Amino acid sequence: MRRHSTNPWVILVLICFAQFMVVLDATVVNVALPSIQKDLGMSEANLQWVVNAYALVFGGFLLLGGRAGDLLGRKRLFLGGVVVFTAASLLDGLSTSSAMLIGARALQGLGAAFISPAALAIISTTFKEGSDRAKALGVWAAIAIGGSAVGLVLGGALTQAFSWPWIFFINVPVGIAVFFASLRLVPESKDEVAHRSFDIPGAVTVTGGLMTLVYAIVQTETKGWGSTTTIVTFLIAVALLVGFVLIEQRAKAPLVRLSIFRVRSLRGANVVMFLVGSGLFAMFFFNSLYIQRVLGYGPLEAGLSFLPFTAGIMVSAGLASAYGPRVGVRLTSAVGLVLGTAGLLLLTQIPVDGTYVANVLPALLLVSLGLGAVFVSLTLVATTGLEDDDQGLASGLFNTSQQIGGALGLAILSTIAASHTADSSAEQLVNGFHWAFAGGAVFLLGALVALLTMLRQSDVARIEQTAEDHPVTVAA
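This structure is a prediction, so every number in the text was calculated from the model and none was measured.

K.L.:
Describe the overall build of the chain, listing the residues and the values that go with them.
P.N.:
When helices and strands are tallied, the chain shows 18 helices and 0 strands. Counting the 476 residues in the chain, one finds 56% classified as buried. Relative to all contacts within the chain whose residues are 6 or more apart in sequence, the contacts with residues 24 or more apart total 85%. Element-wise, carbon and sulfur atoms account for 66% of the exposed surface of the chain, whose accessible area totals about 18500 Å².

Shown next, in the form of structure tokens:
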């Protein structure tokens, strides 16, 4: 492992601040959308792109960002991503038209696609395999999931107290501080023996394919799954991704070394994360709708209602990072998925005349306690047993699985919910939500099956053996 003069936990704090901005901005705009629509005169059709422009570019460029960090330097890419993200946040807040805001949100997504895989790769190369890496990834998992809930709270508070541009302006001082602190304290790392050439055809086809796939998924809510536009867009995405695989098989210095998928632990962790993301994104979305449109909560109240979810994530992620490798990461993940599934099934029983404390809170706590453990365990599995030179690629793949899985799951479950909602009455809305939560539970059950069938005990033995060699000490 590379020796660092800087305390690795200081590095972790800086990296997590940047990742917190990335995750927070995926949800912070949700409660501000009515104000944005009113101020900028946006139509319903254009309003969705305030959210989707960010997700589209973020998901499309994640894989490219991960490998670029391996080749060009993870610190260099991380700092570049922070600059792009911070500048785009300023442009968001200064936007005077819908086109300017949507364009700036897309630019934010590009910065996020460089920050996220580089940040996770820096953690993996800073902390050696064992208890320290498990602890660091526990903090990472809490930030990665908890930031989504905090985004809802912060978005509501800033919009209500000030105005919607402040949900973007708040990133500017944080981004500047992270940039200068990281410039001085974060060490550089990259693949020293890699070819210096860059796989441009591979980068174009995989990025274009993933962006087209995300776009095809997003537009199904308005165009429908069987429309000509949707079918053609999916075919283009498939053609680009098939072209990417053919290019990588022949490239001297491929963007993605396809042999990495022979590592069963990485392959299995990505499939499981894809399915977990499919259920998790929908859980946030439909819970927000139920709390605001059925229970009648305001934006700030709705955001605050997700704070117990954040607390549950932090508790379970901390416990999983400390004890998961010792009791078994497969067992920890399986228990977490069972808890998450139980929470989503509980949400299928929410009534029209329900209450937050009786009907929503117990399910939120179950899901948070389950998925915090799952995220820590899967991140360990996806990044352990790989050379440092491949950490950026592995991180990009892992993040891409979550983002693409989340977009696909939300599109599918939104279509299911809409098909079971005859009108806009509370009774019909709740009926649609029941179907969506049931679908989310199916995704998590699928993740459990994938975990048990694709990951063997031998795939995680290295993680658990390292934990035995470096036992966790808990302060009294």
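Text resumes after the structure shown.
K.L.:
Residue-level account of the packing of helix H11 (residues 264-294) against helix H14 (residues 329-347), with values.
P.N.:
At a closest axis distance of 12 Å, the pairing of H11 and H14 adopts a crossing angle of 30 degrees. The angle between H11 and H14 falls in the class roughly parallel. Helix-helix and strand crossings are classified by hand; for H11 and H14 the assignment is left-handed. The segment H11 lies against H14, with Val272, Val276, Met283 and Asn287 engaging Leu337, Leu344 and Leu347. Residues of the contact of H11 with H14, tallied by class, amount to 6 nonpolar, 1 polar and no charged.

K.L.:
With reference to specific residues and values, describe the packing of aromatic side chains.
P.N.:
Counted according to the given criterion, the structure contains 8 aromatic pairs. Among the aromatic residues, those joined into a cluster by ring pairs are Phe162, Trp166 and Phe169.

K.L.:
So what about the packing of H14 against helix H17 (residues 426-454)? Which residues, and what values?
P.N.:
One way to put it is that H14 packs onto H17 with a least axis distance of 8 Å and a crossing angle of 165 degrees. Comparing the axis directions of H14 and H17 gives the class roughly antiparallel. Crossing hand, H14 versus H17: left-handed. In contact with Arg330, Ser333, Ala334, Leu337, Val338, Gly340, Thr341, Leu344, Leu345 and Leu347 of H14, H17 contributes His434, Phe437, Gly440, Ala441, Leu444, Leu445, Ala447, Leu448, Leu451 and Leu452.

K.L.:
Let's hear about the side chain of Asn171: which residues, and what values?
P.N.:
As for its placement among the helices and strands, Asn171 is situated in helix H8 (residues 171-185). Residue classification places Asn171 among the buried positions, given a relative accessible area of 3%. If we ignore the near neighbours within four places in the chain, the residues touching Asn171 are Met21, Asp25, Phe85, Thr86, Ser89 and Gln108.

K.L.:
Hey, could you go over the nonpolar core for me, with residue numbers and the actual values?
P.N.:
Counting 133 residues, the largest nonpolar core has Phe78, Val276, Met283 and Leu337 as its most contacted members. Those residues in contact with Phe78, other than ones at most four positions away along the chain, are Leu14, Ile15, Ala18, Ile115, Ala118, Ala119, Ile122, Val178 and Ser182.

K.L.:
Can you lay out the side chain of Lys75 for me, pointing to particular residues and giving the numbers?
P.N.:
Here Lys75 shows up in helix H4 (residues 74-94). Residue Lys75 is classed as buried on the basis of its relative accessible area of 14%. In contact with Lys75, not counting residues within four places along its chain, are Ile122, Ser182, Leu183, Val186, Pro187 and Glu188.

K.L.:
Go over helix H2 (residues 33-40), please, and point to the residues and values.
P.N.:
Among all positions of H2, only Leu33, Ile36, Gln37 and Leu40 are buried. Taken end-on, H2 shows its buried residues confined to a sector of 100 degrees, consistent with a single buried face. Opposite its buried face, H2 presents the exposed residues Pro34, Lys38 and Asp39, each directed more than 90 degrees away. Gly41, located one to two residues past H2, shows a positive phi value of around 60 degrees.

Criteria and thresholds
- Residues numbered from 1 in each chain as written.
- Predicted model: local features only at pLDDT ≥ 70, side-chain atom pairs only at ≥ 80, totals over all residues.
- Heavy atoms only, no water.
- Helix = DSSP H or I, 4+ residues; strand = E, 2+ residues; numbered from the N terminus.
- Buried < 20%, exposed > 50% of the residue type's maximum accessible area, 1.4 Å probe, protein only.
- Contact = heavy atoms within 4.5 Å.
- Areas by Shrake-Rupley, 256 points an atom, 1.4 Å probe, with all protein chains shown as cover.
- Axes fitted to C-alpha atoms, helices over the stretch in contact; angles between N-to-C directions.
- Parallel < 35°, antiparallel > 145°, perpendicular 65-115°, else oblique.
- Left-handed = near helix turned anticlockwise from the far one by under 90°.
- Nonpolar A, V, L, I, M, F, W, Y, C, P; charged D, E, K, R; others polar.
- Phe/Tyr/Trp six-rings, centres within 6.5 Å; stacked < 30°, edge-to-face > 60°.
- Core = buried A, V, L, I, M, F, W, Y, C linked by side-chain atoms within 4.5 Å.
- Arc of directions from axis to C-beta.

The analysis is restricted to geometry; functional conclusions fall outside its scope.
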